[in-house]
Amino acid sequence: MKISIEPADMRVAIKVLSDLPEFDPMFELEYYNSKIKTTDHLILVASVDGQPVGCKLGYDRFKDGSFYSWLGGVLPDYRNLGIAKKLAQAQEKWVKEKGYACIKFKTLNRHKNMLQFALNNGFSIYNVKPQDELENYRIELIKHF
């Protein structure tokens, strides 16, 4: 099994995201392109033996020296193989090279595996936004360099 991480086109990343159970419903491609078209951004796709199985998208959302890790995931059949870690490492390397001070992202309280992954990889919770139900609370995380 050969795992590769490469910069990619938004269409490839959106195809991967559309196959993830956590991303439902998806928006049209133009919505995603509109978020990043006028700002510094990175789209990474992880492939196993040439087949896209994961992705990580981010951009300079806040214009405050932080990089926003916006969307990402790995297809269920390819989880627990270290692919998410490789995507995160590639993103972090790029972010540091670009001179950003930190990476920020948010997730929902119901995504326990994502929270665990982030905490195990040096992120800290810096804000919690209550919602209608506890499982929908938005948890904001940050990792400083």
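Owing to the predicted nature of the structure, the values given are computational and were not obtained by experimental measurement. (Residues numbered from 1 in each chain as written. Predicted model: local features only at pLDDT ≥ 70, side-chain atom pairs only at ≥ 80, totals over all residues. Heavy atoms only, no water.)

Draft legend 1. Broad picture of the environment of Ile-36. In this structure, Ile-36 sits in helix α2 (residues 29-36). Taking the C-alpha atoms as reference, Ile-36 lies 8.3 Å from Gly-58; in sequence the two are 22 residues apart. For Ile-36, the residues in contact, after removing those within four places along its chain, are Met-10, His-41, Ile-43, Tyr-59 and Trp-70. (Helix = DSSP H or I, 4+ residues; strand = E, 2+ residues; numbered from the N terminus. Contact = heavy atoms within 4.5 Å.)

Draft legend 2. Spotlight on the pattern of salt bridges. Within this structure, the stated rule accounts for eight salt bridges. Of the charged contacts, one joins Glu-97 and Lys-93 as a salt bridge, the two residues approaching to 2.8 Å between their closest N and O atoms. Of this pair, Glu-97 and Lys-93 both sit in helix α3 (residues 83-97), four residues apart, which is roughly one turn of that helix. We classify Lys-93 as exposed; its relative accessible area is 52%. Lys-129 is paired through a salt bridge with Glu-140; the nearest N and O atoms lie 3.2 Å apart. With Lys-129 in strand β6 (residues 124-129) and Glu-140 in strand β7 (residues 138-144), this pair connects stretches of sequence that are 11 residues apart. Judged by its relative accessible area of 10%, Glu-140 is buried. Three or more residues are tied together by salt bridges with common partners; here these are Glu-92, Lys-96 and Lys-143. (Salt bridge = Lys/Arg side-chain N within 4 Å of Asp/Glu carboxyl O. Buried < 20%, exposed > 50% of the residue type's maximum accessible area, 1.4 Å probe, protein only.)

Such coordinate-based values are descriptive only and should not be taken to indicate function.
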